[in-house]
Amino acid sequence: MPEKIDKALLEQMTAWRHQLHQYPEFGFEERRTSEFIADRLSEFSLEVTRNVGNTGVVAVLQKGQSNRAIGLRADMDALKIHEANDFEYRSRHDGLMHACGHDGHSSMLLGAASYLASKGDFDGKVVFIFQPAEEHGLGAAAMIEDGLFDRFDVDAVYGLHNLPGLDQGRFSIRPGAIMASESGFEIIIQGKGGHAAMPQMGVDALLLGAQCVVALQTIVSRNLDPVKQPAVLSVTQFIGDGTVNVIPGKVVLKGDCRCFSDATVAIIEAAMRRIVSGICDAAGASCEIIFNTSFPATINTAEATAQSIKAATSVFGEEQVDGNCEAYTISEDFANMLRVKPGCYGLIGNGGDPAAGCALHNPNYDFNDSILADGASYWIQLSENLLSK
């Protein structure tokens, strides 16, 4: 167990985690969760503000006279997944579960707040940010729009996520883009329906949709630099209005793309509009393209990343910290905070085998309680390093 976390605090964090796990709540519905967290923070004698960005909670701990300030962020929301686990503290809310470990993230940050309030050795301000609605990419923006960084100004903001498959006791991080953006698209192709026996009488929207599915794959393979602009584009739904002997007059394609910069997003969107419009125009059909980026890329700043590596090295040891890990094509709402403030997002080993069910967003997932001490210790070390006397 990391040096600063004693058995009593670990047991307390575990109890908090199990309590939160039993009562998962979806984004912007985390009323019980946020009240539980706010009550614990008040018990630590922190200055607590509720309902920031709807259901968000912010707590401030000031020691000494320094004006330096850092933000530490955890997420609180659950997913609309029916839990398959059968342990005692399984979800009591049918159809909802903490399948991404946000219960663990909140408990780690609560543990760090408890320690820093009673024993923390630093000079400055720590702002504890408990964010709602991470899963659908709206919570960070809601808190920012509600004046998060105006009301609680910080020099930098830091985030942390557990990673199944990464051994317990390991920490992965990198400067620059560590997680991808996520852009969803919907393509509506309007042709002219008709009898399957007389295709020349209509404009086959199904055929045009199929051409678009194939052609869209050239965006990544022929429009982007394979080394400097890695990306993924997937068509995930193909919806038509035809039947066995009717050529559909309308089809809808839906999908998702991931990449690591705003510039690449712009290239993908422009190419998509050009390709789909060209195919439809050539056949005499019309189209509508809806393209929406719900998560920007998560981009760590260099100085904050160096500070995170330093803190993680103190907690886990130099050989256990990968300071230049590969970027991940999953996305994270913390990216929106990093567009406003410098900061860093890191990944902490959760252990387990994703292939055996210990995978994020899986009905058999469960956060590893034994890493609660790891995460809390990282937060404590980072705070005391950045706000050293």
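Residues numbered from 1 in each chain as written. Predicted model: local features only at pLDDT ≥ 70, side-chain atom pairs only at ≥ 80, totals over all residues. Heavy atoms only, no water.

Colleague: Describe the sheet that holds strand β6 (residues 171-172), with residues and values.
Modeller: The 8 strands lie next to each other as β1-β2-β4-β3-β5-β16-β6-β15, forming an open sheet whose pairing is mixed. Edge positions in the open sheet fall to β1 (47-52) and β15 (321-322), since each of these has one partner strand only. Bridging between β6 and β15 involves 2 bridges; their strand directions are parallel. Its bridge partner lying in β15, Phe171 is registered against Val321. The strands that helix α8 (residues 302-316) touches are β5 (156-164), β6, β15 and β16 (343-351); relative to β16, the one it contacts most, it runs at about 30°. Helix α10 (residues 372-386) contacts β3 (69-75), β4 (124-131), β5, β6 and β16 of the sheet and is inclined by roughly 160° relative to β5. (Pairing = 2+ DSSP bridges. Helix = DSSP H or I, 4+ residues; strand = E, 2+ residues; numbered from the N terminus. Contact = heavy atoms within 4.5 Å. Axes fitted to C-alpha atoms, helices over the stretch in contact; angles between N-to-C directions.)

Colleague: Give a description of the pattern of salt bridges that names residues and reports values.
Modeller: Following the criterion strictly, the structure yields 16 salt bridges and no others. Among the ionic pairs, Asp103 bridges to Arg17, the shortest N-O distance being 2.9 Å. Taken together, the residues Asp103 in helix α3 (residues 102-119) and Arg17 in helix α1 (residues 7-22) connect sequence positions 86 residues apart. According to the relative accessible area criterion, Asp103 is buried, its value standing at 0%. For the salt bridge of Glu332 with Arg73, the shortest nitrogen-to-oxygen distance reads 2.7 Å. Highlighted residues: Glu332 in the loop between β15 and α9 (335-338) and Arg73 in strand β3, separated in sequence by 259 residues. Taken as a pair, Glu332 and Arg73 share a single burial class, namely buried. Linked by salt bridges that have partners in common, Arg17, Asp103, Asp366 and Asp369 make up one network. (Salt bridge = Lys/Arg side-chain N within 4 Å of Asp/Glu carboxyl O. Buried < 20%, exposed > 50% of the residue type's maximum accessible area, 1.4 Å probe, protein only.)

Colleague: Summarise the pairing of β5; cite the residues concerned and give the values.
Modeller: Counting buried positions along β5 yields 9 of 9 residues, so the element is predominantly enclosed. Of the two faces of β5, both are covered, the one formed by Ala156, Tyr158, Leu160, Asn162 and Pro164 as well as the one formed by Val157, Gly159, His161 and Leu163. Judged from the 8 bridges that link them, β5 and β16 form a sheet pairing that is parallel. From the neighbouring strand, Leu163 faces β16, where its bridge partner is Gly349.

Colleague: Give me the packing of aromatic side chains: which residues, what numbers.
Modeller: What the rule picks out here adds up to 6 aromatic pairs. Ring geometry for Phe171 and Phe316: centres 5.9 Å apart, planes at 20°, overall stacked. Residue Phe171 is found in strand β6, and its partner Phe316 is found in helix α8; the two are separated by 145 residues along the sequence. If you follow Arg32 out to its NZ or CZ, it ends over the ring of Tyr23, 3.6 Å from the centre. If you follow Arg40 out to its NZ or CZ, it ends over the ring of Phe36, 4.7 Å from the centre. (Phe/Tyr/Trp six-rings, centres within 6.5 Å; stacked < 30°, edge-to-face > 60°. Lys NZ or Arg CZ within 6 Å of the ring centre and 35° of its normal.)

Colleague: Break down α10 for me, with residues and values.
Modeller: For α10, built from 15 residues, the straight-helix expectation of 21 Å at 1.5 Å per residue is met to within 8% by its first-to-last C-alpha distance of 21 Å. Of all 15 residues in α10, 15 are buried, a share of seventy percent or more. (Expected span 1.5 Å × (residues − 1).)

Colleague: Provide a residue-level description of the sheet that holds strand β12 (residues 250-259), including the pertinent values.
Modeller: Overall, antiparallel pairing links the 4 strands, which are arranged β10-β12-β8-β13 in an open sheet. Two strands in the sheet have a free side with no partner beyond their single neighbour: β10 (232-240) and β13 (286-295). Neighbouring strand axes in the sheet, compared pairwise and without regard to direction, differ in orientation by 15° on average. Looking at chain direction, strand β8 (residues 181-190) and β12 are connected through 10 bridges and run antiparallel. Bridging across to β12, Ile187 finds its partner in Leu253. Helix α6 (residues 205-223) rests against β8, β10 and β12 of the sheet, and its axis sits at about 175° to β10. Where helix α7 (residues 262-283) meets the sheet, its contacts fall on β8, β10, β12 and β13, and the angle it forms with β13 comes to roughly 165°.

Colleague: Before we move on, could you go through the side chain of Ser331 and cite the residues and values that matter?
Modeller: With respect to the helices and strands, the residue Ser331 is situated in the loop between β15 and α9. For Ser331, the side chain forms a polar contact with the side chain of Arg258, separated by 3.0 Å. Excluding its chain neighbours within four sequence positions, the residues that come into contact with Ser331 are Glu134, Met179, Ala180, Ser181, Glu182, Arg258 and Phe295. (Polar contact = N/O pair within 3.5 Å; in protein donor to acceptor, adjacent residues only side chain to side chain.)

Colleague: I'd like a description of the layout of surface pockets, backed by residues and values.
Modeller: When its volume is computed, the largest pocket comes out at roughly 260 Å³. Along the walls of the largest pocket sit 14 residues, with Cys100, Glu135, Ile330, Ser331 and His361 positioned nearest its centre. The residue makeup of the lining of the largest pocket, split by class, is 6 nonpolar, 3 polar and 5 charged. A volume near 160 Å³ is recorded for the second largest pocket. (1 Å grid on protein atoms, 1.4 Å probe; cavity = no way out; pocket = protein on both sides within 12 Å on 5 of 7 lines; lining within 4 Å. Points joined across faces, edges and corners; volume = space filled by probe spheres on them. Nonpolar A, V, L, I, M, F, W, Y, C, P; charged D, E, K, R; others polar.)

Worth remembering: the numbers are spatial, not functional.
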